[in-house]
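Next come the chains, spelled out residue by residue.
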Amino acid sequence: SEEAKQWILRWGVGFSLFVILVFPVLCLLAGVFSQGFFSFWVFLSLIWGFGAAGAIICLPIFESKEAITGIVGTLFGWNNKGMLQPSEVNSESDDSVSASG
């Protein structure tokens, strides 16, 4: 939708400009990094990396939870909504073979 596109552009462009321009300028103004400032920078980088890794791993799993539960349910023989059981798949394929043969 147009509203979603505007939100993405506003926040995506704004955050990109902050990370690419504003934050480095603030770091340059700090001059030579003190040990405390450098420790903060390393801590922030680690948090950012772990947060990104968590999002990269967890979001696709969360978005695919219905497909994953359907596959697991089929493998273990649980009856999921709209999913054919393996025995039903075999009997349908046998019917199509005998009907065409």
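Whatever comes next refers back to the structure up there.
What this report covers is the structure whose coordinates are included nearby. Since the structure is predicted, the reported quantities are computational estimates derived from the model, not experimental observations.

About the thresholds
- Residues numbered from 1 in each chain as written.
- Predicted model: local features only at pLDDT ≥ 70, side-chain atom pairs only at ≥ 80, totals over all residues.
- Heavy atoms only, no water.
- Helix = DSSP H or I, 4+ residues; strand = E, 2+ residues; numbered from the N terminus.
- Buried < 20%, exposed > 50% of the residue type's maximum accessible area, 1.4 Å probe, protein only.
- Areas by Shrake-Rupley, 256 points an atom, 1.4 Å probe, with all protein chains shown as cover.
- Phe/Tyr/Trp six-rings, centres within 6.5 Å; stacked < 30°, edge-to-face > 60°.
- Expected span 1.5 Å × (residues − 1).

Overview of the overall build of the chain
Across its full length, the chain carries four helices and zero strands. Shown N-terminal to C-terminal, the secondary structure of the chain runs as helices and strands in the order α-α-α-α. The 101 residues of the chain split such that 4% are buried. Accessible surface, the chain: about 8700 Å² in total, of which carbon and sulfur atoms supply 73%.

Observations concerning the packing of aromatic side chains
By the definition in use, this model includes five aromatic pairs. Judged by centre distance (6.2 Å) and plane angle (50°), the rings of Phe 18 and Phe 23 are tilted. Arranged with centres 5.1 Å apart and planes meeting at 25°, the rings of Phe 23 and Trp 41 form a pair that is stacked. Linking Phe 23 in helix 1 (residues 2–30) with Trp 41 in helix 2 (residues 35–63), this pair joins segments that are 18 residues apart in sequence. With a relative accessible area of 22%, Phe 23 lands in the partly exposed category. The rings of Phe 18, Phe 23 and Trp 41 are connected pair by pair, giving a single aromatic cluster.

Let's talk about helix 3 (residues 65–76)
For helix 3, spanning 12 residues, the distance from its first C-alpha to its last is 16 Å, which sits close to the expected 16 Å at 1.5 Å a residue. Of the residues trailing helix 3, Gly 77 is marked for its positive phi of about 80°.

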